[in-house]
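Letter by letter, the chains look like this.
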Amino acid sequence: MDHTQLRAQFPALEQTLDGYPLSYLDTAATSQKPKQVIEAMNKYYLQDNANVHRAAHQLSSRATTHYEAVRDQLKCFINASRREEIIFTHGTTESINMVAHGLSHKIKTGDIILVDSAAHHANIVPWQELAKRTGAIVKPVPLTNDCRLDELAFDQQLKERPAIVALSHVSNALGTRNPVERIVAKAKAAGAITLVDGAQAIAHLEVDVQQLDCDFYVFSGHKMYGPTGIGVLYGRFDQLDTLSPMVTGGEMIKTVSFESTEFNILPNRLEAGTPPIAEVIGLGEAINFISSLPTTEIQQREEELLSNLQQQLKDLGDITLYGAHEDNIGAVAFNLADEHHQDVGILLDQQGVAVRCGHHCAMPLMQSLGVKGCCRASIGIYSNQEDIERFIEALKSVKEMLL
Ligand SMILES: Cc1ncc(COP(=O)(O)O)c(C=O)c1O
């Protein structure tokens, strides 16, 4: 694989900022998009723009065929057993909200919902809302001192037979990877419904939902080289089929009268209103792009880059790393001495380096780390050694300025 050619597919990376070449180390927030994704969306708007499913004309038929073909692509991409198990949403956040809302009728007062302590707010707040509606109780699964999910504590918590276990595949704030297959197996043996938030895993790991055996798996298109505004809710057919729709109207109905309304079958039942058609097409193209690359080589490259990044940060001194393990995925979280993460981020930006600073939508995790926030550098398929070197050089000069 020629990495220079691969990187050249991402036009946004070619720019300079204040005379410095851009080092984009914020892929965990959103990835850059390859030309072919942008072109596929343009082509749809230039030639095929029409609503899906509804009209007899050719434009609509082309749009519908393309839209539905992406569902088939996704079925293969994550190895779902049926195309109806793929629901298009607007992103991970909406997917989790749809599950938490849709399970309301299965949850009763006193039921326990276990959520991992490093979870993104999108995988905490919808469960809190479900708990408010039903009288259920949300309990965090603690972390060990080195920021891994505490499996011994989890095993104890399973004795209370939780109704739902929701955990991240990979933590967005730290890049730590949860042993999801084992956790899901244990949770299912205890009778829980399982949801895995794959927002930070989908672009880095091969995901096989049948092998994972989870009930729900959710992710966003924009973190896997696709557009914003499109996400996926995978659900096992029997689970999806009994999920109450959160949004109603449009394609999700079969018949409507003022006396009664009959809902459509899956997948339409959970896709109300005009869907994000161009975004679905863009996501399909992102899958084409990812699938055309040598997966093992890409994964090895990313692993090497991340371990190099972790090592260089350690070597710099005055750096605190949070939960930095060898098997982490895509991201490293750190603070420079007692300096405010925002100051560090702004000074890095002035040298062309884009990192994320703040609580990373994981305030409970920040509390347990005893910090208000931190900086996070994250890599993607296009990141290279020069990005890392420029980042480390910039951080050295920030250190000289501030310490
Ligand atoms: C682990 C995780 N879950 C959920 C989300 C929310 O994703 P979105 O904003 O695309 O809905 C993110 C976004 O950063 C994430 O990293």
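Residues numbered from 1 in each chain as written. Predicted model: local features only at pLDDT ≥ 70, side-chain atom pairs only at ≥ 80, totals over all residues. Heavy atoms only, no water.

Trainee: With reference to specific residues and values, describe the site of the ligand.
Mentor: By nearness alone, every residue bordering the ligand is listed as Gly91, Thr92, Thr93, His120, Ala122, Asn172, Asp197, Ala199, Gln200, Ser220, His222 and Lys223. Between Asp197 and the ligand, the recorded distance is 2.5 Å, taken from a side-chain N or O atom to a nitrogen atom. Between Lys223 and the ligand, the recorded distance is 2.6 Å, taken from a side-chain N or O atom to an oxygen atom. When isolated, the ligand has an accessible area of 400 Å², and the protein chains bury 85% of it. Of the residues contributing to the shell around the ligand, the split by class is two nonpolar, eight polar and two charged. (Near = heavy atom within 4 Å. Polar contact = N/O pair within 3.5 Å; in protein donor to acceptor, adjacent residues only side chain to side chain. Areas by Shrake-Rupley, 256 points an atom, 1.4 Å probe, with all protein chains shown as cover. Nonpolar A, V, L, I, M, F, W, Y, C, P; charged D, E, K, R; others polar.)

Trainee: How would you sum up empty space enclosed by the protein? Please name residues and give values.
Mentor: On inspection of all chains with the given rule, the structure shows three cavities of 30 Å³ or more. Here the largest cavity is characterised by a volume of approximately 80 Å³. Thr27, Ala28, Gln200, His204 and Ile379 are, among the 14 residues lining the largest cavity, the residues nearest its centre. Considered as a void within the structure, the second largest cavity measures approximately 60 Å³ in volume. If you trace the second largest cavity, you find it lined by Asp116, Ala118, Leu143, Cys147, Arg148, Leu149, Ser171, Thr176, Arg177 and Asn178. (1 Å grid on protein atoms, 1.4 Å probe; cavity = no way out; pocket = protein on both sides within 12 Å on 5 of 7 lines; lining within 4 Å. Points joined across faces, edges and corners; volume = space filled by probe spheres on them.)

Trainee: An account of the pairing of strand β5 (residues 112-116) is requested, with residue identities and associated values reported.
Mentor: In terms of residue burial, β5 counts as a mostly covered element, since five of its five residues are buried. Crossover β5 to strand β6 (residues 137-141) through helix α5 (residues 125-134) is right-handed. (Buried < 20%, exposed > 50% of the residue type's maximum accessible area, 1.4 Å probe, protein only. Helix = DSSP H or I, 4+ residues; strand = E, 2+ residues; numbered from the N terminus. Right-handed = clockwise from strand over helix to strand, strands pointing away.)

Trainee: Go over the sheet that holds β6 with me, naming the residues and quoting the values.
Mentor: Sheet architecture is open: seven strands sit in the order β4-β10-β9-β8-β7-β5-β6, paired in mixed fashion. Lying at the two open borders of the sheet, with one neighbouring strand each, are β4 (86-89) and β6. In this sheet, adjacent strand axes meet at a mean angle of 20° when their direction is disregarded. Across five bridges, the pairing between β5 and β6 is parallel. Directly across from Ile113, in β6, lies its bridge partner Val138. (Pairing = 2+ DSSP bridges. Axes fitted to C-alpha atoms, helices over the stretch in contact; angles between N-to-C directions.)

Trainee: Kindly report on unusual backbone geometry, identifying the contributing residues and their values.
Mentor: For the bond running from Leu266 to Pro267, omega is 5°, close enough to zero to count as cis. With respect to the helices and strands, Pro267 occurs in the loop between β12 (261-263) and α10 (277-291). The backbone of Arg161 shows a phi angle near 50°, a positive value even though the residue is not glycine. Mapped onto the secondary structure, Arg161 falls in the loop between α6 (151-158) and β7 (164-168). Phi angles above zero are rare outside glycine, and His360 is one such case at about 55°. Mapping His360 onto the fold places it in the loop between β16 (356-358) and α13 (363-369). For His360, a relative accessible area of 8% puts it in the buried group.

Trainee: Provide a residue-level description of the pattern of salt bridges, including the pertinent values.
Mentor: Following the criterion strictly, the structure yields 23 salt bridges and no others. The partner of Arg7 in a salt bridge is Asp387, with the nearest N and O atoms 2.8 Å apart. Taken together, the residues span a long stretch of sequence, with Arg7 in helix α1 (residues 3-7) and Asp387 in helix α14 (residues 385-402) at a distance of 380 residues. Per residue, the accessibility class of Arg7 equals that of Asp387, and both read buried. Asp48 is the partner of Arg62 in a salt bridge, and the nearest nitrogen-oxygen pair spans 2.6 Å. A residue pair is termed long-range when its members are at least 10 positions apart, and Arg62 in helix α3 (residues 58-77) and Asp48 in helix α2 (residues 35-48) qualify at 14 residues. Shared partners join several salt bridges into a network, and the residues in it are Glu68, Arg71, Asp72, Arg83 and Glu271. (Salt bridge = Lys/Arg side-chain N within 4 Å of Asp/Glu carboxyl O.)

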